[in-house]
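Listed here are the chains, written in short residue letters.
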Amino acid sequence: MKSRILVIDDEAAIRDSLRMILEYEDYLFSGAASGQEAIAAVQRERPDLVLLDIKMPGMDGMEVLRKLHALDETLPVVMISGHGTTATAVEAIRSGAVDFLDKPLSSERVIVTLQNALKQSELRSENRELKLAMESKYEIVGQSPALQKVLDSVRRAAPTNATVLLLGESGVGKELVARTIHRNSTRAGQRFIQVNCAAIPEELIESELFGHERGSFTGATEKQIGKFEQADRGTIFLDEVGDMSPKTQAKVLRVLQEQEVERLGSARTIKVDVRVIAATNKKLEEAVEHGEFREDLYFRLNVIPIVVPPLRERREDIPSLVQHFTRRMAEEHNVKPKRFDGQVLDALKQYRWRGNIRELRNTIERVMIMTPDDVVRVDDLPGEVRRGDSARPAESAAAGGTDVSSPEPLPPAGAGTLREFKDASERAYLVQKLRENNWNISKTAEIIDTPRSNLYKKLEQYGIKQEVDG
C-alpha cells in the first residue's frame, strides 16, 4: 500500500518540487499552503507522514506541529527550514518532530529521510500493538469486591519502591498482579524479570539469580549475568519464593539489604537497583516457625502483603473471565468464538475450581477447541465440572475422610501434632494422585498444579517410591 505524504509549505514552487520527487518514488502526495489547510487535511484524510515548513505566514510551523500532535500524537512530522540552525532543529525535535531537513532540498536526502521516518513510525506502531496485546494477555478481569480490594492495594503500592509479597493459592493470578504493579510503577519502562524459584534445581538457582563467572563450577563454560543484574532499574518477580533453599535465602536477603550482588566465582560486588515482588502459595509464617524460612527475610519481603483471593471467593467474576478467555482462545487458536449456554455459566459458577483461574482458563480452552457446535452446552463440559466435584480427593484427605468414587490412603489417626497430620495428609494425597496417573511424574505434577521439581522434592521428603505390582 502506498504511503500518503502531506507537504505543508506556503511556497507553491516547493510543493510542486516535492510532489515530483514523491510521485516519482511512488508515494501519494497531498499539499497544504497554510497551517489551517494542513489541520483540515489531517482531519479529512490521515496521512502517513507530514513534511512541514517552519517559516510560514500566520500560523508558523512550530505552532502547526503542536496542533497536529494534539490531533494525533503518533503522526510522524519532518520539519523543513530555509534558515536551519542547530537551535531550531533541537527545538523541533523536542517539540515532537522526528527529523529536520534544510533547504535547498535534494531528492536523495528527502527520500532517505522519508524512508527512515516511515520505518521508525511502523516500528513504533508495531510496538504499541504488541504492548496492547501483552496488556490484554495480562489483564486482570473482574469487578467483585474481593478483586477490587486487591486492585486498591495495587494502586497504593505500585508508585512506590516498596517490596510486595503476594499471597494466595496456586493459579489465582499472582503473576498478573505482579505485572500490574510493575506496569503502574515508575519502573514501567524497564525490565520485568520473572523467576520461578520452585522450577529451578537447587544446585542452579544461585547461578540463575546472581550469575557466575566462567569456570566458577563444573559446566560454567561462559560467564552468565544473573536475574538480579538483568532486572537492574526494573522489577524482579520471585515466584514460589517459599521453595528457596536456606543458602539462597541468605543471599537474597543480602541483595535486599545491601542492593548488591556477587556472582559465583567472583569476589567483586555489583550494585543493583531492583524492586522485588515475591509470591508464594505457602504460609510463610508457619515455615518460619518450623525453621524452613528465614524470619529476617520474611520481614524484608512482607513489607506490603497482598492476598490474592481464590476463584471460589469471587464467583461473580466467572462470566467476565469466561468472555475474556473465549476471546483470547479464539485469537490464539484461530477459531470462531463460541457462545456459552446459561446453564453452562451456572455450572462454572458452582464448581469449586481448586486450580483457580488457571484451571478455568484451561477448561475454556478445551471446550473452545473440542466443542463442534457454536454454542457450548453443559454436556460439553468436562465430567468433573458437570458434577461439581472439584478437589474432593484433596479436601477429603485434608479432613481425614474418604471419597467413595476414588478411595485413597488415610493419614494415620495417631498423628500427634498438627504438623504431623498435615504431612501425613499431603503424603496420602500425593500417593493417590500418583496411582491415578500410573506413577507418571510429569502428568501428576501438571494435574496437581505444581512444578515437577517440587513434586520430586516431596517424593524424597516423604520417602514415596513407585509401587510395583505382583
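Keep in mind it's a predicted model, so treat the numbers as computed, not measured.

Right, let's get into helix 13 (residues 318-333). Helix length check: helix 13 (16 residues) gives 22 Å between terminal C-alpha atoms against 22 Å at 1.5 Å per residue, within 8%. One or two residues past the end of helix 13 sits asparagine 334, with phi positive at roughly 55°.

Per-residue confidence for the protein gives a mean pLDDT of 86, with 90% of residues at or over 70. Low pLDDT (under 50) marks residues 390-410, which in the prediction has 36 contacts with non-local residues, meaning those over four places away or in another chain.

Buried within helix 2 (residues 35-44) are the following residues: Gly35, Ala38, Ile39, Ala41 and Val42. Projected down its long axis, helix 2 shows its buried positions confined to an angular sector of 160°, all on one face. Residues of helix 2 that are exposed and angled more than 90 degrees away from the buried face: Gln36, Gln43 and Arg44. Summarising the contacts, the buried residues of helix 2 are in contact with strand 1 (4-8), strand 2 (28-32) and helix 3 (61-71).

One open sheet accounts for 5 strands, arranged 2-1-3-4-5; its pairing is parallel. Two strands bound the open sheet, and with one partner strand each, they are strand 2 and strand 5 (99-102). Across the sheet, the axes of successive neighbouring strands diverge by a mean angle of 20°, strand direction being ignored. Against the sheet, helix 3 engages strand 1, strand 3 (49-53) and strand 4 (77-81), with an angle of about 175° to strand 4.

Once that is clear, we can look at the sheet that holds strand 10 (residues 235-239). Pairing within the open sheet is parallel, and its 5 strands lie in the order 7-10-13-6-14. Only two strands of the sheet have a single neighbouring strand rather than two, namely strand 7 (192-196) and strand 14 (304-307). Strand after strand, the sheet turns through a mean of 20° between neighbouring axes, direction not considered. Pairing between strand 6 (residues 164-167) and strand 14: 4 bridges, direction parallel.

With that settled, consider the packing of aromatic side chains. Counted under the stated rule, the structure contains 4 aromatic pairs. Measuring from ring centre to ring centre gives 4.5 Å for tyrosine 351 and tryptophan 353, while their planes differ by 90°; the resulting arrangement is edge-to-face. The class for tyrosine 351 is buried, based on a relative accessible area of 3%. Taking the relative accessible area as the measure of exposure, tryptophan 353 reaches 0% and is therefore buried.

The contact between helix 8 (residues 202-210) and helix 10 (residues 246-258) brings their axes to 10 Å, and the two run at 15°. By the criterion of interaxial angle, the relationship of helix 8 to helix 10 is roughly parallel. The two elements helix 8 and helix 10 meet at a crossing, and its hand is right-handed. Counted together, Ile205, Glu206, Leu209 and Phe210 of helix 8 and Lys247, Thr248, Lys251, Val252 and Val255 of helix 10 form the full contact between these two elements. Along the lines of polarity and charge, the residues of the contact of helix 8 with helix 10 split into 5 nonpolar, 1 polar and 3 charged.

Basis of the calculations
- Residues numbered from 1 in each chain as written.
- Predicted model: local features only at pLDDT ≥ 70, side-chain atom pairs only at ≥ 80, totals over all residues.
- Heavy atoms only, no water.
- Helix = DSSP H or I, 4+ residues; strand = E, 2+ residues; numbered from the N terminus.
- Expected span 1.5 Å × (residues − 1).
- pLDDT = per-residue confidence, 0-100.
- Contact = heavy atoms within 4.5 Å.
- Buried < 20%, exposed > 50% of the residue type's maximum accessible area, 1.4 Å probe, protein only.
- Arc of directions from axis to C-beta.
- Pairing = 2+ DSSP bridges.
- Axes fitted to C-alpha atoms, helices over the stretch in contact; angles between N-to-C directions.
- Phe/Tyr/Trp six-rings, centres within 6.5 Å; stacked < 30°, edge-to-face > 60°.
- Parallel < 35°, antiparallel > 145°, perpendicular 65-115°, else oblique.
- Left-handed = near helix turned anticlockwise from the far one by under 90°.
- Nonpolar A, V, L, I, M, F, W, Y, C, P; charged D, E, K, R; others polar.

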